[in-house]
Amino acid sequence: MANTFSQIYIQTVFAVSGRMCLITKNYQEELHKYITGIVRKQGQKLLSINGMSDHLHILIGLRPALALADLVRDIKSDSSDWINRKRLSRGKFAWQEGYGAFSYGHSQLDMIIRYIQNQERHHRRRSFRDEYLTLLKKFEIEFREEYVFKFIE
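Our subject in this report is the structure included herewith. (Residues numbered from 1 in each chain as written. Predicted model: local features only at pLDDT ≥ 70, side-chain atom pairs only at ≥ 80, totals over all residues. Heavy atoms only, no water.)

1. Topic: the layout of surface pockets
For step 1, the next point in the chain: Roughly 170 Å³ of internal volume is contained in the second largest pocket.
For step 2, the next point in the chain: If you go around the second largest pocket, the residues you meet are Ser6, Gln7, Ile8, Tyr9, Lys45, Leu47, Gly61, Leu62, Arg63 and Leu109.
For step 3, the next point in the chain: Taken together, the residues of the lining of the second largest pocket sort by class into five nonpolar, three polar and two charged. (1 Å grid on protein atoms, 1.4 Å probe; cavity = no way out; pocket = protein on both sides within 12 Å on 5 of 7 lines; lining within 4 Å. Points joined across faces, edges and corners; volume = space filled by probe spheres on them. Nonpolar A, V, L, I, M, F, W, Y, C, P; charged D, E, K, R; others polar.)

2. Observations concerning the pairing of strand β2 (residues 45-52)
For step 1, the next point in the chain: Taken together, the seven bridges between β2 and strand β3 (residues 55-61) define a ladder with antiparallel strand orientation. In the sheet register, glycine 51 faces β3, and the bridge partner there is leucine 56.
For step 2, the next point in the chain: Taking the residues that link successive antiparallel strands as the turn, the β2-β3 hairpin has two residues. (Pairing = 2+ DSSP bridges. Helix = DSSP H or I, 4+ residues; strand = E, 2+ residues; numbered from the N terminus.)

3. Looking at the packing of aromatic side chains
For step 1, the next point in the chain: This structure, assessed with the given rule, holds seven aromatic pairs.
For step 2, the next point in the chain: Where phenylalanine 102 meets phenylalanine 139, the ring centres are 5.1 Å apart and the plane angle is 45°; that geometry is what we call tilted. On the criterion of sequence distance, the pair formed by phenylalanine 102 in strand β4 (residues 100-104) and phenylalanine 139 in the segment after α5 (128-138) is long-range, its members being 37 residues apart.
For step 3, the next point in the chain: Overall, phenylalanine 102 belongs to the buried group, its relative accessible area being 0%.
For step 4, the next point in the chain: Their ring planes at 80° and their centres at 5.5 Å tell us that tyrosine 104 and phenylalanine 139 sit as a pair that is edge-to-face. (Phe/Tyr/Trp six-rings, centres within 6.5 Å; stacked < 30°, edge-to-face > 60°. Buried < 20%, exposed > 50% of the residue type's maximum accessible area, 1.4 Å probe, protein only.)

4. So, the pattern of salt bridges
For step 1, the next point in the chain: The tally for this structure, following the rule as stated, stands at six salt bridges.
For step 2, the next point in the chain: For the salt bridge of arginine 73 with aspartate 70, the shortest nitrogen-to-oxygen distance reads 3.1 Å. Here arginine 73 pairs with aspartate 70, and both are found in helix α2 (residues 68-85), just three residues apart, close to one helical turn.
For step 3, the next point in the chain: A salt bridge links arginine 126 to aspartate 130, with the nearest nitrogen and oxygen atoms 3.0 Å apart.
For step 4, the next point in the chain: For arginine 126, a relative accessible area of 28% gives the class partly exposed. (Salt bridge = Lys/Arg side-chain N within 4 Å of Asp/Glu carboxyl O.)

Below you can see the structure in the form of structure tokens.
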């Protein structure tokens, strides 16, 4: 789009269906590369990706020509199909419905990239449930408990 200038940084967070720990170290890096390809194919910029065995964080530089909902739908659909085709997960792999999306300014990028890259360290002392609910509260996003991910503690 000519004469369209934007600076939109979105962190998306979503979980494996049933919060099962299905993303193993064996294929985690390959999954991240595959998702990077999905994002790039859509003309977007992936700035950081990491997660745990039961959820994923992706920081995207979003161009306004594509709706975030469409991008996340494609990431979740294509990556779960890829995992199932390659039989990387025991049983049928799927992502839970929904996702979190949190916006950041350019000056916050280093901080949020470090946060995403240090997921293992964060989750030694904080559950995914606590992390996710903290993000919703920090960004003052109204939510009803029954519509938040199904958490298994």
